[in-house]
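Structural characterization, general
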Amino acid sequence: MSSSPLSTEQLLAIDKAHIWHPYASMTAAAAPSYPVVSAQGVRLKLADGRELIDGMSSWWAAIHGYNHPALNQAVKAQLDDMSHVMFGGIIHPPAAKLAKLLVDITPPTLDKVFISDSGSVAVEVAIKMALQYWYSTGHKSKQKLLTVRNGYHGDTFGAMAVCDPVNGMHHIFKDVLPKHYFVEQPQCRFDDAFEEQHIAEMKARIEQHHQQLAAVIIEPIVQGTGGMHFYSPGYLKRLRELCDEYEILLILDEIATGFGRTGKLFACEHAGIEPDIMCLGKAITGGYLSLAATLCTARISTGISEGEAGCFMHGPTFMGNPLATAVACASIELLISQPWQSIINNIERQLIKGLSPAFLLSQVASVRVLGSIGVIEMKHVVDMASIQKQFVDAGIWVRPFGKLIYIMPPYIMNDEDLATLCENILKVINQQ
Ligand SMILES: *Cc1c(COP(=O)(O)O)cnc(C)c1O
């Protein structure tokens, strides 16, 4: 095996022959992958030397941009102490520091932290916590979940069972997926006044099934991958009341919305409510390493710990990984040491200014912006391969899905790059 670097041709040949990509085919004449050789600040560098302004933050994660000196330093320093050590029977400084940071910045009643490897696993852990809590406290019938359509919570089986039944292709896996309850997605948009009728179906289902319901699971304020739908804080507030009234736990999946993305540190703050269980991931390490966390209240942890099993039944091999927890601490400290709120507010203004002209285009169904998230919904499904190439040729990295062209840029992007990003998106849309 030669140690010489791969040529771009070799790289692409291996990719085509052997490598799965997210939600991709191995046989269709798929769009080629773009070879990225490095990334710096808000720019991805391609093998042919071109640089692209990154509109995606590598799927919500790289909030401080790429190759950040403070985050690099955190990984390097931790590497010299230890890169990994098992978490059974052992505690180490970066995990302890991260847990304390998370408890301090999340809503006050969240007090216990389960650190895992990825968002999907954080959701599995949250579901398991809810089920084990009710089992342990003698409510053995409460083992079902209730959620809304167009949700996305991850790709593992427990998480997939609460994803949108159509997008999540439940029929393919119907013999193995647990069956849960679904109601329509929140009908009130972010700026709409919430009315009781908006939650009527949810309320009816809760009244009907509360004796079987362990928890409601939902993405707060922003339904991400399931449609980039922003809904009213009033809905979330009322949902909290209904969960309390009928003794159902509320799981908030903040994996996409957490760490400032919507203009609040956590999206539940828009509604002034607290969940019983919260899932975090994506931006938690600033996009450096895979890590996630599930937080819960002392009521849940006590119920589980004093129940039949006497312990919580979960424990990944790489739980609490020191490199990942160290860089998570550095990323969170970097975020909260800055005037992040005014930074996000400024990005929101720039996105409104830059994307609003798309309203006038006949191809466009709607334009919406919340915090540092900008969405252009087209009237028709876009051809991913051809539009991706047009974006790259225009010097920007934007990856649409379905009818949605959306961006969530790194928080460090300056006004000039934001303007260029928006202008080039509009230029490409104009060509559709
Ligand atoms: C991305 C995402 C997940 C899954 O996280 P992975 O790290 O991809 O497993 C779960 N929930 C939400 C809301 C997400 O955006």
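Keep in mind that what you see is a predicted model, and the values were worked out from it rather than measured.

**With respect to the pattern of salt bridges**
As enumerated under the stated definition, the model contains 15 salt bridges in all. The residue arginine 205 makes a salt bridge to glutamate 201 at a minimum N-O spacing of 3.2 Å. A residue pair is termed a helical-turn pair when its members lie 3 or 4 positions apart in one helix, as arginine 205 and glutamate 201 do in helix H7 (residues 200-209) at four residues. Classification of glutamate 201 by relative accessible area gives partly exposed; the value is 28%. Here aspartate 276 and arginine 240 are joined by a salt bridge, their closest N and O atoms 3.0 Å apart.

**Here's the deal with the site of the ligand**
Every residue close to the ligand is listed here: Ser118, Gly119, Ser120, Tyr152, His153, Gly154, Glu219, Asp253, Ile255, Ala256 and Lys282. Note that an oxygen atom of the ligand is positioned 2.9 Å from one of the backbone N or O atoms of glycine 119. Taking lysine 282, its side chain carries an N or O atom lying 2.6 Å from an oxygen atom of the ligand. Relative to its free-state accessible area of 380 Å², the ligand is covered by the protein chains to the extent of 82%. In terms of residue class, the shell around the ligand is built from three nonpolar, five polar and three charged.

**Considering helix H3 (residues 69-81)**
With 13 residues, H3 extends 19 Å from end C-alpha to end C-alpha; this agrees with the ideal 18 Å at 1.5 Å per step. The complete set of buried residues in H3 reads Leu71, Asn72, Ala74, Val75 and Gln78. End-on view of H3: buried residues confined to an arc of 160°, all on one side of the axis. Exposed residues on H3 whose side chains face more than 90 degrees from its buried face are Pro69, Lys76 and Asp80. Among the structural elements, helix H4 (93-105) and helix H10 (322-336) are those in contact with the buried residues of H3.

Parameters and conventions
Residues numbered from 1 in each chain as written. Predicted model: local features only at pLDDT ≥ 70, side-chain atom pairs only at ≥ 80, totals over all residues. Heavy atoms only, no water. Salt bridge = Lys/Arg side-chain N within 4 Å of Asp/Glu carboxyl O. Helix = DSSP H or I, 4+ residues; strand = E, 2+ residues; numbered from the N terminus. Buried < 20%, exposed > 50% of the residue type's maximum accessible area, 1.4 Å probe, protein only. Near = heavy atom within 4 Å. Polar contact = N/O pair within 3.5 Å; in protein donor to acceptor, adjacent residues only side chain to side chain. Areas by Shrake-Rupley, 256 points an atom, 1.4 Å probe, with all protein chains shown as cover. Nonpolar A, V, L, I, M, F, W, Y, C, P; charged D, E, K, R; others polar. Expected span 1.5 Å × (residues − 1). Arc of directions from axis to C-beta. Contact = heavy atoms within 4.5 Å.

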